[in-house]
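# Observations on chain architecture
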Amino acid sequence: MAGRNGRTVRDLRRANRTAVLQRLYFDGPLSRFELGPATGLSSGSVSNVVADLVADGLVEEAGSVDSDGGRPRTLLRVAPVSGHMIGVDVGETRVRVELFDLTLTELARAELPLEQQRYEVEVIVDHIRSGIDEVLATAGLAPERLLGVGIGVPGIVERTPDRGAVVHGQTIGWNAIPLESLLRTGSPLPGTVPYFIDNGAKTLGQAEMWFGAGRGARNALVVLFGSGVGACLVTPEAEHGRAVEWGHLTVRVRGRRCRCGALGCLEAYAGAESLLARWREEGGRVPEDTDEETALTTMLAAAYPADDTAADPVALAVLEETAEYLGAGLSDLINLFQPERILMGGWAGLQLGARFLPAVRKHALSYALRHPAEKVTIELGRLGPDAVTVGAAILPLADFFARGGRRPEPDPEAPPPAWHTALQDRAPR
């Protein structure tokens, strides 16, 4: 039965379960007494919701605390083993797959290398499947116990009714790749386990906003600095983040050719791939047959030697110029979105770290308008190289919370998606 605002009793119960689960997840352990003001629910509603969640195995007791003159109050927390998620990072040098429990404690991981940044679709799909198999086997977990698999990818992700998530990755040669349906074909997972596929910068942003340097910010930008560059915008209107193709802002008319095909993109000057290419063009000794991460480490060591060795002036000049391009790019984000916080992550951002950030910050503030520049802080992300996989795992976790802690149920009246029909056609008779 629906109320005046269109919400049914079932909707209300789900919303109440979501409120309690989220407060216990982010602020727990908490007592029933503390959950009331934390969620805005009455004591009776809290008791009923907690009883349901305990019965479902989602919430468990976590000790007790003394109360003022009364009986000790029982503390409650989310049960870590009540759900599991997989996070996948389709990166520049590897595909990283991690299995987490409900509290995002890592249980197993697999890392499958990519040769020379080659993004053949079949290779990526096979790596993801193999990684899922490996982490489930390592943890001894049955596939049907998963809440879902989250995947962070380069490019724009479009959701379609017949093919699921489709990826438009112009810089890696992916043109409308139906990644979800490809993964479903021969998948090690049952059809009831959902895939959540999104832009890698967005999953990085999700992780930093939930657990990292973005906690507490209402308006923030999380930028991913890797082989290319991207960003995730978080606002009250887009609280789960919105991917921004920041790397393809034009910063120089008739400039360098970007890997997207256009001229003068920020990524053509500030991405690690272009940074190393510019060092090589200026005579820098870029190691042969090494991945970008190793090559960037070599470049940093040349520019900022740990001993009394003279710095490589070419490497230093390229890095300083890159810092200015990144700062100018950040100034555009400051002027456009007026964030209160900008966080820099990604493997290249982490490698360059604190040594690089002061110069980036100085240039960003000098190019930006004074008023929004005075209100923004620019700092490094805190979650390290696993931030994209953590953020990817948050995608099924957020969906689980939105459902009030209930697993997704297939709609018996909904037509099967195209990938399901294809699988049925291939099934042995």
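Residues numbered from 1 in each chain as written. Predicted model: local features only at pLDDT ≥ 70, side-chain atom pairs only at ≥ 80, totals over all residues. Heavy atoms only, no water.

Before going further, it helps to spend a moment on the packing of helix H9 (residues 292–303) against helix H11 (residues 347–367). Closest axis-to-axis distance for the H9/H11 pair is 10 Å, and the angle between their directions is 15°. With respect to H11, the axis of H9 lies roughly parallel. Relative to H11, H9 is oriented so that their crossing is right-handed. Note on element contacts: H11 touches H9 through Trp347, Ala348, Gln351 and Leu352, opposite Glu292, Glu293, Leu296, Thr297 and Leu300. In the contact of H9 with H11, the residues fall into five nonpolar, two polar and two charged. (Axes fitted to C-alpha atoms, helices over the stretch in contact; angles between N-to-C directions. Helix = DSSP H or I, 4+ residues; strand = E, 2+ residues; numbered from the N terminus. Parallel < 35°, antiparallel > 145°, perpendicular 65-115°, else oblique. Left-handed = near helix turned anticlockwise from the far one by under 90°. Contact = heavy atoms within 4.5 Å. Nonpolar A, V, L, I, M, F, W, Y, C, P; charged D, E, K, R; others polar.)

When you line up the elements, histidine 127 lands in helix H4 (residues 121–139). We classify histidine 127 as buried; its relative accessible area is 13%. Among all residues touching histidine 127, those that are not within four sequence positions of it are Val95, Leu112, Pro113 and Leu114. (Buried < 20%, exposed > 50% of the residue type's maximum accessible area, 1.4 Å probe, protein only.)

Our focus in this paragraph is the domain arrangement of the chain. Where interface size is given, it is often the accessible area lost as the parts come together that is meant. Taken domain by domain, the chain comprises domain 1 (9–78), domain 2 (84–203 + 387–403) and domain 3 (213–382). The centre of domain 1, based on its C-alpha atoms, is set 43 Å off from the matching centre of domain 3. (Domains from an automatic or database assignment.)

Turning next to the packing of aromatic side chains. Within this structure, the stated rule accounts for nine aromatic pairs. Between tyrosine 25 and phenylalanine 401, the aromatic rings sit 5.1 Å apart at their centres with planes inclined by 70°, giving edge-to-face as the arrangement. Highlighted residues: tyrosine 25 in helix H1 (residues 9–27) and phenylalanine 401 in helix H13 (residues 387–402), separated in sequence by 376 residues. Relative to phenylalanine 211, the ring of tryptophan 210 lies with its centre 6.0 Å away and its plane at 65°, an arrangement referred to as edge-to-face. Since its relative accessible area comes to 12%, tryptophan 210 is described here as buried. The exposure class assigned to phenylalanine 211 is partly exposed, which follows from its relative accessible area of 31%. (Phe/Tyr/Trp six-rings, centres within 6.5 Å; stacked < 30°, edge-to-face > 60°.)

Here the focus is the sheet that holds strand S2 (residues 59–65). Two pairing modes exist for strands in a sheet, parallel and antiparallel, and in both the strands are linked by backbone hydrogen bonds. Reading across the sheet, the three strands line up as S1-S3-S2 and stay open at both edges, with antiparallel pairing between neighbours. Each edge of the open sheet is held by one strand with a lone partner, namely strand S1 (30–31) and S2. Here two bridges tie S1 to strand S3 (residues 73–78), and the two strands are oriented antiparallel to one another. Within S3, the residue paired with leucine 30 across the bridge is leucine 76. Those strands touched by H1 are S1, S2 and S3, and its axis lies near 95° from that of S3. (Pairing = 2+ DSSP bridges.)

Let us look at the confidence of the model for the chain. Averaged over all residues, the pLDDT of the chain is 86; the fraction at 70 or higher stands at 91%. Here helix H14 (residues 418–426) stands out as the least confident element of the chain, with mean pLDDT 35; strand S4 (residues 84–90) is the most confident, with 96. The low-confidence segment residues 411–429 (pLDDT under 50) makes 13 contacts with residues lying over four places distant or belonging to another chain. (pLDDT = per-residue confidence, 0-100.)

The next point concerns the sheet that holds S4. Taken together, five strands build an open sheet; the order of strands is S6-S5-S4-S7-S11 and the sheet is mixed. On the outer flanks of this sheet lie strand S6 (106–113) and strand S11 (195–199), each paired with one strand and no other. Taking the axes of each pair of neighbouring strands and ignoring which way they run, one obtains an average angle of 15° across the sheet. Two elements, strand S5 (residues 94–101) and S6, share seven bridges in a ladder whose sense is antiparallel. Its bridge partner being in S6, phenylalanine 100 is matched across the sheet by glutamate 106. Running at roughly 150° to S6, H4 makes contact with S4, S5, S6, strand S7 (146–153) and S11 of the sheet.

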